[in-house]
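Chain by chain, the residues run as shown.
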Amino acid sequence: MSFATLQEFGDLGPEIKEVLIPTQALQQRVVELGRAISQDYAGKDPLLVGLLKGVVIFMADLVRAITIPVELDFLAVSKYSGQQSRTGSVRLEKDLSTSITGREVLFVVDMVDTGLSLNYLLRSLRTRQPASLEVCAMFNKPAHRLIELPLKYTGFDLDDRIVAGYGLAYQEKYRNLPFLALLSAQALHNHKAD
Amino acid sequence: MNSPEQRRPQFVHPAEEVFAKILDFYDLEWQYEPHTFPLEWDEQGQVVEAFAPDFYLPDQDLYIELTTLRPKLANFKNRRIRRMQELYPEVHIKLIKRREMRELMVKYGLYENAEQIQGTAAQSRNGAPGPSEEDE
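Only a predicted model underlies this, so the values are computations on that prediction, with no experimental measurement involved. (Residues numbered from 1 in each chain as written. Chains lettered and ligands numbered in written order. Predicted model: local features only at pLDDT ≥ 70, side-chain atom pairs only at ≥ 80, totals over all residues. Heavy atoms only, no water.)

Quick word on the nonpolar core
For clarity, the threshold we go by: Buried Ala, Val, Leu, Ile, Met, Phe, Trp, Tyr and Cys residues that are joined via side-chain atoms within 4.5 Å together make up what is termed a nonpolar core. Here's how the labels work: a residue is buried when its accessible area is under 20% of the maximum for its type, exposed when over 50%, partly exposed in between, all with a 1.4 Å probe on protein chains only. A helix here means a DSSP run of H or I that spans at least four residues, while a strand means a run of E at least two residues long, and both kinds are numbered starting from the N terminus. Note on definitions: a residue-residue contact is assigned when non-hydrogen atoms from the two residues lie within 4.5 Å.
The biggest cluster of nonpolar side chains holds 62 residues, and the ones touching the most others in it are Phe107, Leu116 and Leu118 of chain A together with Phe19, Phe55 and Ile64 of chain B. Broken down by element, the residue count for this core peaks at seven residues, all from helix H1 (residues 14–25) of chain B. Setting aside residues up to four positions removed in sequence, Leu116 of chain A forms contacts with Leu146 and Ile147 of chain A together with Ile22, Leu23, Tyr26, Leu28 and Tyr108 of chain B. Membership of the second largest hydrophobic core comes to 29 residues, among which are Ile21, Val30, Ile37 and Cys136 of chain A.

Structure below.
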């Protein structure tokens, strides 16, 4: 399968300032992560838990790069919207369909920046007593970190630019870009005007 | 722990209140300006300059200072934080810069709040300011 280039995105093209990480580099890194996970979890019957929606593209590529049997499950939680008034008001929008008690769990996320949401979710998952709980993040913004959390696997470290693509959205758009892009001022302006 | 159910502190800047609400959402304990650190003393030993970081996260043992000012105007905060790190190397403090605050707002869809933070969203590959942020 070959993915579209920036030029092939037509009208979307001007909204993308530049390709920050090209498709091939993303794919190569995912293969490396898949190899590492296959080695580390051999014989452990791991359960990969993905956080929707941003993880979908990465998860689909990652599991196909893993060469041992794995199980998949997904979580979805509400995001802060400025409307919530109660402390700890993260809402579970989709719970796991698999029990993780006693399982070797690898929590797969698209991006870790402040660590606030990941910290909350890891605390929640630990109450279900998995045998182990590690994190695999495709993108990491260490300069943004407020809560230090161990990431066992990391794809790419990013600086503090607003990026989109490879599952990451800006106002729910651009998830389908097969590369990681820096958005143009035009794209940011267009969305503000929505 | 501060929470909406308890008495809210009087925040100096609206961005601080937004930040506090985000911490509340993720059930993270925080304190607002709980400690003041002396930075300079006169010859009589009287404190002539002190610094109270905006937030303290007890679980992380981390102080957080927010700034929504352009970097040139935020230099005094940078200088205070550098001085604080010299005097209190055991204290962990993080400055959340204007750009990071704006990105945090964008992440949570708080576009109006993000727009209230001065400057445009222009950006470049290497992390350097975009063309419209040359004055940074």
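Regarding the sheet that holds strand E2 (residues 47–51) of chain A
Residue and element names in this part refer to chain A. As a reminder of what qualifies: Two strands form a pair only when DSSP identifies at least two bridges running between them. To get an axis, fit a line to the C-alpha atoms, keeping to the stretch in contact for a helix; angles then go from 0 to 180 degrees between the N-to-C directions.
One open sheet accounts for six strands, arranged E4-E3-E2-E5-E6-E7; its pairing is mixed. Strand pairing shows two members of the sheet lacking a second neighbour, strand E4 (92–94) and strand E7 (153–157), which therefore form its edges. Ignoring strand direction, the axes of neighbouring strands in this sheet form an average angle of 25°. Set on the sheet, helix H2 (residues 56–65) makes contact with E2, strand E3 (71–77), strand E5 (104–112) and strand E6 (132–140); between it and E2 the angle comes to about 160°. Where helix H3 (residues 116–126) meets the sheet, it contacts E2, E3, E5 and E6, and its direction lies at approximately 165° from that of E5.

Thoughts on unusual backbone geometry
Of note, the bond from Leu52 of chain A into Lys53 of chain A is cis; its omega dihedral lies within 30 degrees of zero at 0°. Position of Lys53 of chain A among the secondary structure elements: in the loop between E2 and H2. In this structure, Gln171 of chain A is a non-glycine residue whose phi angle is positive, near 50°. Although it is not a glycine, Asp61 of chain B sits at a positive phi angle of roughly 50°.

What about the packing of H1 of chain B against helix H3 (residues 98–107) of chain B?
Two packed helices can be described by the angle between their axes and the distance between those axes. Residues and elements named next belong to chain B. As a reminder, the rule being used: Orientation labels follow simple angle bins: below 35 degrees gives roughly parallel, above 145 gives roughly antiparallel, 65 to 115 gives roughly perpendicular, and whatever is left gives oblique. Throughout, a crossing is termed right-handed when the near helix is turned clockwise from the far one, and left-handed when it is turned anticlockwise from it by less than a right angle.
Close contact between H1 and H3 brings their axes to 12 Å; oriented N to C, the two are set at 50°. Comparing their axes, H3 and H1 come out oblique. In the crossing of H1 with H3, the sense of the turn from one axis to the other is left-handed. Contacts from Ala15, Val18, Phe19 and Ile22 in H1 reach Met101, Leu104 and Met105 in H3.

Considerations on the packing of helix H1 (residues 23–40) of chain A against H2 of chain A
Residues and elements named next belong to chain A. Here is the rule: Throughout this entry, Asp, Glu, Lys and Arg are counted as charged residues, while Ala, Val, Leu, Ile, Met, Phe, Trp, Tyr, Cys and Pro are counted as nonpolar. The remaining residues, Gly among them, count as polar.
At a closest axis distance of 8 Å, the pairing of H1 and H2 adopts a crossing angle of 55°. Judged on the interaxial angle alone, H2 and H1 are oblique. When you trace H1 past H2, the crossing you get is right-handed. Facing Gln27, Val30, Val31, Leu33, Gly34, Arg35, Ile37 and Ser38 of H1, the residues of H2 in contact are Phe58, Asp61, Leu62 and Ala65. For the contact of H1 with H2, the residue count by class is seven nonpolar, three polar and two charged.

Quick notes on the sheet that holds strand E5 (residues 62–66) of chain B
All names here are of chain B. On the basis of which strands lie adjacent, the open sheet formed by four strands has the order E1-E4-E5-E6 and mixed pairing. Because the sheet does not close on itself, it has two edges, and the strands there are strand E1 (31–32) and strand E6 (93–96). Inspection of the sheet shows E1 paired to strand E4 (residues 55–57) by two bridges, in the antiparallel sense. In the strand pairing of E4, Tyr32 is matched with Phe55. The strands touched by helix H2 (residues 75–87) within the sheet are E5 and E6, with E6 carrying the most contacts at an inclination of about 170°.

Here's the deal with H3 of chain A
Those residues of H3 of chain A that fall on the buried side of the exposure criterion are Leu116, Leu118, Asn119, Tyr120, Leu121, Leu122 and Leu125 of chain A. Buried residues in H3 of chain A make contact with E2, E3, E5 and E6 of chain A together with H1 of chain B.

Things to note about the confidence of the model for chain B
Caution applies to low-pLDDT regions: their predicted coordinates should not be interpreted in detail. Worth spelling out the cut-off: pLDDT is a residue-level measure of predictor confidence that goes from 0 to 100.
Per-residue confidence for chain B averages 79 on the pLDDT scale, and 78% of its residues sit at or above 70. Under a pLDDT of 50 for its full length, residues 124–136 of chain B has, in the predicted model, 33 contacts with residues more than four places off or in other chains.

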